[in-house]
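For reference, the chains in residue letters:
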Amino acid sequence: MTSWLISLAVLLLLSLGGALWRVWRGPEPADRMIAAQLIGTGGVGIVLLLAAATDWSMIDVALVLALLAAVAAVAFAKAQSADSVGDPEEE
Amino acid sequence: MADVVTYFMTALGLGFYLAGTVAVIRFPDTYSRLHALTKADNVGLGFLIVGIAFQADSWMVVARLALVWGLALMAAGITAQLIARTALQRQSP
């Protein structure tokens, strides 16, 4: 069972390589952020698989990673907005 | 029995993850990629978590797994809105 979980985690890691390609190529900054979110969610998946394979206390690591991915998107939205206040409703 | 469910669910979750990654690479424009990312990844994460939950040895672990998935779902919804608005402001399609 642990070998199955760890091999899944490795496969997930390879799929993140595809996301890295999008980070490199992405024409728009938003595309790069999409790839960053993909890496964040994929990372959560990998950490959960390793948590199941080895030690359950790694679930907190996945929780923090999911949180940081969300905060990164908020930071991106704030940085991209005109006066960096980041209020999406403003014109 | 629990192992069989875990094998099947985690494989399904990985399938959705791969679909999400291929979608982010192949889709034509920003918004379709954003749509694919938010949907595919969270379904993949959900199946993964259900698969792993069968391996849990106590209910506390299952509760924490559900918490991670809930946070990921909420974060993905809000994140997709933010990124889409940011992309829209920069170049209206």
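As shown above, the structure is provided for reference.
Note that the structure is predicted; figures quoted are calculated from it, not measured. (Residues numbered from 1 in each chain as written. Chains lettered and ligands numbered in written order. Predicted model: local features only at pLDDT ≥ 70, side-chain atom pairs only at ≥ 80, totals over all residues. Heavy atoms only, no water.)

## Focus: the packing of helix α1 (residues 2–25) of chain A against helix α2 (residues 29–53) of chain A
- Closest axis-to-axis distance for the α1 of chain A/α2 of chain A pair is 9 Å, and the angle between their directions is 170°. Taken together, the axes of α1 of chain A and α2 of chain A lie roughly antiparallel to each other. (Axes fitted to C-alpha atoms, helices over the stretch in contact; angles between N-to-C directions. Helix = DSSP H or I, 4+ residues; strand = E, 2+ residues; numbered from the N terminus. Parallel < 35°, antiparallel > 145°, perpendicular 65-115°, else oblique.)

## Points about the nonpolar core
- Ranked by internal contacts, the top residues of the largest apolar core, which has 28 residues, are L48, L49 and I59 of chain A together with L65 of chain B.
- For this core, the secondary structure elements donating two or more residues are α1, α2 and α3 (59–80) of chain A together with α1 (2–26), α2 (30–53) and α3 (59–90) of chain B.
- For L49 of chain A, the contacting residues outside a window of four places in its chain are L5, L8, A9 and L12 of chain A together with T10, L48 and I52 of chain B. (Core = buried A, V, L, I, M, F, W, Y, C linked by side-chain atoms within 4.5 Å. Buried < 20%, exposed > 50% of the residue type's maximum accessible area, 1.4 Å probe, protein only. Contact = heavy atoms within 4.5 Å.)

## What about the packing of aromatic side chains?
- Per the counting criterion, the structure on display carries two aromatic pairs over all chains.
- Judged by centre distance (5.3 Å) and plane angle (80°), the ring pair of W4 of chain A and Y7 of chain B falls under edge-to-face. With one member in each of two chains, W4 of chain A in helix α1 and Y7 of chain B in helix α1 form a pair that bridges those chains.
- Geometrically, the ring pair formed by F16 of chain B and F47 of chain B is stacked, given 5.5 Å between the ring centres and 25° between the ring planes. Here the residue F16 of chain B occupies a position in helix α1, and F47 of chain B occupies one in helix α2, the gap between them amounting to 31 residues. (Phe/Tyr/Trp six-rings, centres within 6.5 Å; stacked < 30°, edge-to-face > 60°.)

## Focus on the side chain of T38 of chain B
Residues and elements named next belong to chain B.
- Counting through the fold element by element, T38 comes out in helix α2.
- For T38, a relative accessible area of 14% translates into the label buried.
- Only 2.8 Å separates the side chain of T38 from the backbone oxygen of L34, close enough to count as a polar contact.
- The contacts of T38, once residues within four sequence positions are left out, are A76 and A80. (Polar contact = N/O pair within 3.5 Å; in protein donor to acceptor, adjacent residues only side chain to side chain.)

## Digging into the side chain of D41 of chain B
- Looking at the element boundaries, D41 of chain B is found in helix α2.
- No salt bridge is formed by the buried D41 of chain B; its nearest oppositely charged neighbour, K39 of chain B, is found at 11 Å.
- Sequence-distant contacts of D41 of chain B, that is, excluding residues within four places in its chain, are made with L38 and T41 of chain A together with Y17, G20 and A36 of chain B. (Lys, Arg positive; Asp, Glu negative; His and termini not counted. Salt bridge = Lys/Arg side-chain N within 4 Å of Asp/Glu carboxyl O.)

## Considerations on the environment of A53 of chain A
Residues and elements named next belong to chain A.
- Secondary-structure assignment places A53 in helix α2.
- Classification of A53 by relative accessible area gives buried; the value is 12%.
- Sequence-distant contacts of A53, that is, excluding residues within four places in its chain, are made with T2, L5 and I6.

## Let's talk about the interface of chain A and chain B
- Counting residues at the interface gives 44 residues for chain A and 40 residues for chain B.
- Of the roughly 3800 Å² buried between chain A and chain B, counting both surfaces, carbon and sulfur atoms make up 76%.
- The three residues of chain A that bury the most area against chain B are M1, I34 and W56 of chain A, which together make up 18% of that side's buried surface.
- On the surface where chain A and chain B come into contact, there are two salt bridges.
- Where chain A packs against chain B, one counts eight residue pairs in polar contact (both at pLDDT 80 or more).
- If you list the elements that add at least two residues to the side of chain A that touches chain B, you get α1, α2 and α3 of chain A.
- With 14 residues, the top contributor of residues to the side of chain A that touches chain B is α2 of chain A.
- Tallied by class, residues from the side of chain A that touches chain B come to 29 nonpolar, nine polar and six charged. (Buried area = accessible area lost by both parts, 1.4 Å probe. Nonpolar A, V, L, I, M, F, W, Y, C, P; charged D, E, K, R; others polar.)

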